[in-house]
Amino acid sequence: MSELVTARLRSTTTELGLPHTPTSLEHLIQRADASKMGYFDFLDLALSEELAIRDDRRFHTGLRLSRLPHHKTLDAYDFSFQPELDPRKVRDLATLSFVETKTNVALLGPPGVGKTHIAVGLAVAACRAGFTIYFTSLDDMVRQLKEADAIGRLPSEMRLYQRPDVLVVDEVGYLPLDRDEGNLVFQLISKRYERGSVILTSNKTFGEWGQVFGDEVLATAILDRLLHHCEVVSINGNSYRLKNKLFAIGGGGDAATA
Ligand code: ADP
Ligand code: MG
């Protein structure tokens, strides 16, 4: 390629918003030459390459901004370890139609059964598909909202949790909240209602949420909005964290204290 053409390509592609094309072009031309590619195929290849690089960058930036604690996928989840959990239920969720329909997902069960793993796996899949994600624990979110409220910045902090297509709220119920804190959660859930999905994990049954939010009426109001459009996945099995230890102690259920 002449230097003049290279320079023009660089400026044209930049102006068109295709920044990766000039760098991959030499390599693509070699591939096209080697396989005697036609003009249409070559154009298709060059544009697909640009799109693939752009998608990959967006995915990695999205993952960084999501604050996910790790990036475990659903493929890494061993369904045979939780025989009562129907893999189809999770695989259906992985099609992400719940994100399109702004449906919530509640993952319930005792510690170690993989609630966070599945929540993260769904979030990673959604991020890959181009949706925006934000991950927080309930306690962190409440702390941030309270701090913002104290300095008069509650609306902008609320927007942080309102904006993403998928908000993951981990560990609902580990620590009980007081009434004011429960109220902040209610405000947020009301704002996201039918506007964006929430994936939550909890070790408490919905019946115990009154204790979690310090008030039965408030808990009912939160549940009313959360559960109107919600897929509930209950995982009732052994902790994966105790996988090998359970055999060592004869599979005793008391091992949950570890
Ligand atoms: P929970 O949120 O229910 O307390 P986690 O999702 O944090 O549980 O799971 C605890 C650990 O065990 C994580 O490292 C997770 O990846 C792993 N894990 C849990 N269940 C499974 C499973 N069925 N297959 C593979 N890894 C699992
Ligand atoms: Mg967890």
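- By the naming in an unreviewed UniProt entry, the protein goes by ATP-binding protein and is assigned to Streptomyces polyasparticus.
- Check the Sequence similarities (unreviewed entry) section of the UniProt entry for the protein; it says "Belongs to the IS21/IS1162 putative ATP-binding protein family."

### Some words on the overall build of the protein
- In terms of regular secondary structure, the protein is built from 12 helices and 5 strands.
- Over its C-alpha atoms the protein spans a radius of gyration of 24 Å, topping by over 25% the 18 Å that the globule rule assigns to 258 residues.
- Going through the 258 residues of the protein one by one, you find that 41% of them count as buried.
- Contacts spanning at least 24 positions in sequence make up 80% of the contacts within the protein whose residues lie at least 6 apart.
- Of the roughly 14800 Å² that the protein leaves accessible, carbon and sulfur atoms contribute 53%.
- Each charge class in the protein was averaged separately, 30 positive and 34 negative side chains, and the resulting centres sit 2 Å apart.

### Examining the site of ligand 1
- The immediate surroundings of ligand 1 are formed by 14 residues, with K72, D78, G112, T116 and H117 found nearest.
- Within the backbone of D78, an N or O atom sits 2.7 Å from a nitrogen atom of ligand 1.
- One nitrogen or oxygen atom from the main chain of V113 is found 3.2 Å from an oxygen atom belonging to ligand 1.
- Here ligand 1 loses 87% of its free accessible area of 550 Å² to cover by the protein chains.
- Assessed atom by atom at 2 Å from the grid points, ligand 1 resides in the largest pocket.

### Let's talk about the sheet that holds strand β2 (residues 133–137)
- A sheet is described by the order of its strands in space; here 5 strands give the open sequence β2-β3-β4-β1-β5, paired in parallel fashion. For this open sheet the edge positions go to β2 and β5 (230–234), each flanked by a neighbour on one side alone. Taken over all neighbouring pairs, the strand axes of this sheet differ in orientation by 15° on average, direction set aside.
- Pairing analysis gives 5 bridges linking β2 to strand β3 (residues 166–172), with the strands arranged parallel. Bridging from a neighbouring strand, F135 pairs with V168 of β3.

### What to know about the packing of aromatic side chains
- What the rule picks out here adds up to 5 aromatic pairs.
- A ring pair is formed by Y77 and F79, whose centres lie 4.9 Å apart and whose planes are at 70°; its orientation type is edge-to-face.
- Here Y77 falls in the buried class, since its relative accessible area comes to 10%.
- On the numbers, 5.4 Å between centres and 70° between planes, the contact of F206 with W209 is edge-to-face.

### Examining the UniProt feature "domain: AAA+ ATPase" (unreviewed entry) in the protein
- When the UniProt feature table is mapped to this numbering, "domain: AAA+ ATPase" (unreviewed entry) covers residues 101–234.
- With 50% helix and 21% strand, residues 101–234 has end C-alpha atoms that lie 21 Å from one another.

### Focus: the nonpolar core
- Ranked by internal contacts, the top residues of the largest apolar core, which has 31 residues, are L85, I118, V168 and I199.
- Those elements that provide at least two residues to this core are α3 (39–66), α4 (87–93), α5 (97–100), β1 (104–108), α6 (115–128), β2 and β3.
- Looking at this core element by element, the count peaks at 8 residues for α6.
- Every residue in contact with L85, bar those within four places of it in the chain, is listed here: Y77, F79, V90, I118, V233, S234 and I235.
- Core analysis: the next-biggest nonpolar cluster, separate from the first, contains 30 residues, Y134, V172, L184 and V185 among them.

### A few points about the confidence of the model for the protein
- Residues with a pLDDT of 70 or more make up 95% of the protein, whose mean pLDDT is 92.
- Every residue in residues 251–258 is under pLDDT 50, and counting partners more than four places away or in other chains gives 7 contacts.

### Regarding unusual backbone geometry
- Phi at K36 is positive, roughly 50°, even though this residue is not glycine.
- Structurally, K36 can be placed in the loop between α2 (21–34) and α3.
- Judged by relative accessible area, K36 falls into the exposed class, the value being 72%.

### Examining the environment of D139
- Tracing the sequence through the fold places D139 in helix α7 (residues 138–150).
- Given the relative accessible area of 18%, D139 is considered buried.
- For D139 and D215, which are 76 residues apart along the polypeptide, the C-alpha to C-alpha distance reads 17 Å.
- Apart from the residues lying within four places of it in its own chain, the contact partners of D139 are L175 and L177.

Reading guide: rules and limits
Residues numbered from 1 in each chain as written. Chains lettered and ligands numbered in written order. Predicted model: local features only at pLDDT ≥ 70, side-chain atom pairs only at ≥ 80, totals over all residues. Heavy atoms only, no water. UniProt positions renumbered as here; feature names shortened; annotations may be inferred. Helix = DSSP H or I, 4+ residues; strand = E, 2+ residues; numbered from the N terminus. Rg over C-alpha atoms; globule rule 2.2 N^0.38 Å. Buried < 20%, exposed > 50% of the residue type's maximum accessible area, 1.4 Å probe, protein only. Contact = heavy atoms within 4.5 Å. Areas by Shrake-Rupley, 256 points an atom, 1.4 Å probe, with all protein chains shown as cover. Lys, Arg positive; Asp, Glu negative; His and termini not counted. Charge placed at Lys NZ, Arg CZ, Asp CG, Glu CD. Near = heavy atom within 4 Å. Polar contact = N/O pair within 3.5 Å; in protein donor to acceptor, adjacent residues only side chain to side chain. 1 Å grid on protein atoms, 1.4 Å probe; cavity = no way out; pocket = protein on both sides within 12 Å on 5 of 7 lines; lining within 4 Å. Sits in = over half its atoms within 2 Å of the grid points. Pairing = 2+ DSSP bridges. Axes fitted to C-alpha atoms, helices over the stretch in contact; angles between N-to-C directions. Phe/Tyr/Trp six-rings, centres within 6.5 Å; stacked < 30°, edge-to-face > 60°. Core = buried A, V, L, I, M, F, W, Y, C linked by side-chain atoms within 4.5 Å. pLDDT = per-residue confidence, 0-100.

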